[in-house]
Amino acid sequence: MTGTLVLAGTPIGDVADAPPRLAAELGAAEVIAAEDTRRLRRLTQALGVRTTGRVVSYNEVNESARTPDLVEALVGGARVLLVTDAGMPSVSDPGYRLVAAAVEKGVRVTAVPGPSAVLTALAVSGLPVDRFCFEGFPPRKPGERLSRLREVAGERRTLVYFEAPHRLDDTLAAMAEVFGADRRAAVCRELTKTYEEVRRGPLAELAAWAAEGVRGEITIVVEGAPDRPEEVDPAELVRRVRVREEAGERRKEAIAAVAAETGLPKRDVFDAVVAAKNAAQRD
């Protein structure tokens, strides 16, 4: 008989949030694959658990190379426990490759449900939570980040992102540019930890706040695009942009504002303006 792969959720901050089954699984596992073995040691000490199984590192650097060895252990009948530094394995953390490989070999995969920064941030954000999508970490390069954000500019579900503190201000500024300066959001910092903070407000306001410097683990929750008709007349988009330009706004700002108020990607508004300009020149 094959063994079992157990995906175990670990605390995202407060160790008291560890699920009761976690201690039992840590003590019973024949192999423990940990994202950081030093953090695992601190966790087991805090929980008063003595591990007897073999402990191996399993992180983004060695994930591909180490997966076959873990699958071999599973096929041989071992109970393998996978833990990451915080939260559920495979959610923006190592784990997907191992799960996919285990499933392919017919190995049983189960989980010890635990804390999740995604769900915790959603719950405290004050934004709609009936429908949401998780986008993970935005790309680091500015151009790629803007491109990825534009792909979901019209998404009506609430969006959840992870971000590094030193990139937070740039990411929020990019979100304000693509989604609209007034789009509501919440920046959740150090969830469940001593210095937990949830900052809520329009994206432009949050970007200005983050420019002063922010520390800690960050989760961003962004309101989905506003409801809109299935089709928006391009002529109406052009008219709205023109009205704003006549009021003194630059074209780039006018296009961004119209995109935000209609829920359309800025590219759609821009294309409508260019098409109207080209048509006028032909006439």
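Residues numbered from 1 in each chain as written. Predicted model: local features only at pLDDT ≥ 70, side-chain atom pairs only at ≥ 80, totals over all residues. Heavy atoms only, no water.

**Student:** Hey, could you go over the layout of surface pockets for me, with residue numbers and the actual values?
**Tutor:** A volume near 1,400 Å³ is recorded for the largest pocket. If you go around the largest pocket, you meet 47 residues; those closest to its centre are Arg39, Asp85, Ala86, Asp93 and Glu217. Looking at the lining of the largest pocket, the elements with two or more residues in it are helix H2 (37-47), helix H5 (117-125), strand E7 (158-163) and strand E10 (218-222). Of all the elements, H2 adds the most residues to the lining of the largest pocket, at five residues. Considering only residue class, the lining of the largest pocket consists of 24 nonpolar, nine polar and 14 charged. (1 Å grid on protein atoms, 1.4 Å probe; cavity = no way out; pocket = protein on both sides within 12 Å on 5 of 7 lines; lining within 4 Å. Points joined across faces, edges and corners; volume = space filled by probe spheres on them. Helix = DSSP H or I, 4+ residues; strand = E, 2+ residues; numbered from the N terminus. Nonpolar A, V, L, I, M, F, W, Y, C, P; charged D, E, K, R; others polar.)

**Student:** Break down helix H4 (residues 96-104) for me, with residues and values.
**Tutor:** Turning to H4, its buried residues number three or more, namely Leu98, Val99, Ala101 and Ala102. The buried side chains of H4 occupy one side of the element, clustering within an arc of 170° when seen end-on. Turned more than 90 degrees away from the buried face of H4 sit Tyr96, Val103 and Glu104, all of them exposed. Buried-residue contacts for H4 involve strand E1 (4-8), helix H3 (63-75), strand E4 (79-83) and strand E5 (108-112). (Buried < 20%, exposed > 50% of the residue type's maximum accessible area, 1.4 Å probe, protein only. Arc of directions from axis to C-beta. Contact = heavy atoms within 4.5 Å.)

**Student:** Just give me the short version of the packing of H3 against H4, but keep the residues and values in it.
**Tutor:** Close contact between H3 and H4 brings their axes to 9 Å; oriented N to C, the two are set at 35°. For the pair H3 and H4, the sense of crossing is right-handed. Within the contact between the two elements, H3 uses Glu63, Ser64, Thr67, Leu70, Val71 and Leu74 and H4 uses Tyr96, Arg97, Leu98, Ala101 and Ala102. Class assignment for the residues of the contact of H3 with H4 results in seven nonpolar, two polar and two charged. (Axes fitted to C-alpha atoms, helices over the stretch in contact; angles between N-to-C directions. Left-handed = near helix turned anticlockwise from the far one by under 90°.)

**Student:** Let's hear about the sheet that holds E5: which residues, and what values?
**Tutor:** As summarised here, the arrangement of the five strands in space is E3-E2-E4-E1-E5, forming an open sheet in which the pairing is parallel. Each having just a single partner strand, strand E3 (54-57) and E5 make up the two edges of the open sheet. Direction aside, neighbouring strands of the sheet carry axes that sit 20° apart on average. Across four bridges, the pairing between strand E2 (residues 31-34) and E4 is parallel. Residue pairing for E4: Ala33 is matched across the bridge by Leu82. Across the sheet, H2 touches E2, E3 and E4, and the angle it forms with E3 is around 135°. (Pairing = 2+ DSSP bridges.)

**Student:** So, the side chain of Arg183: which residues are in play, and what are the values?
**Tutor:** Here Arg183 lies in the loop between helix H7 (168-179) and strand E8 (184-189). In this structure, Arg183 is buried with no salt-bridge partner, the nearest side chain bearing the opposite charge being Glu223 at 5.3 Å. At 3.5 Å, the side chain of Arg183 forms a polar contact with the backbone oxygen of Phe179. Leave out the neighbours within four places in its chain, and Arg183 touches Ala153, Gly201, Pro202, Leu203, Val222, Glu223, Gly224 and Ala225. (Lys, Arg positive; Asp, Glu negative; His and termini not counted. Salt bridge = Lys/Arg side-chain N within 4 Å of Asp/Glu carboxyl O. Polar contact = N/O pair within 3.5 Å; in protein donor to acceptor, adjacent residues only side chain to side chain.)

**Student:** Provide a residue-level description of helix H9 (residues 234-246), including the pertinent values.
**Tutor:** Relative to the 18 Å expected for 13 residues at 1.5 Å per residue, H9 spans 18 Å between its end C-alpha atoms, a close match to the ideal helical length. The complete set of buried residues in H9 reads Leu237, Val238 and Val241. Down the axis of H9, the buried side of the element spans an arc of 95°, and every buried residue falls inside it. Residues of H9 that are buried sit in contact with helix H10 (251-262) and helix H11 (266-282). N-capping of H9 is provided by Asp233, with a side-chain oxygen placed 3.1 Å from the backbone N of Ala235. Immediately beyond the C-terminal end of H9, within one or two residues, lies Gly248, with a positive phi of roughly 110°. (Expected span 1.5 Å × (residues − 1).)

**Student:** Go over the pattern of salt bridges with me, naming the residues and quoting the values.
**Tutor:** Applying the stated criterion to the full structure yields 18 salt bridges. Put simply, Arg157 and Glu155 hold a salt bridge, and the shortest N to O gap is 2.9 Å. Arg251 serves as the salt-bridge partner of Glu245, at 2.7 Å between the closest nitrogen and oxygen. Given a relative accessible area of 26%, Glu245 falls into the partly exposed group. Residues joined by salt bridges that share partners form a network here, namely Arg21, Glu25 and Arg79.

Note that every value here comes from positions in space, so none of it alone points to a role or purpose.
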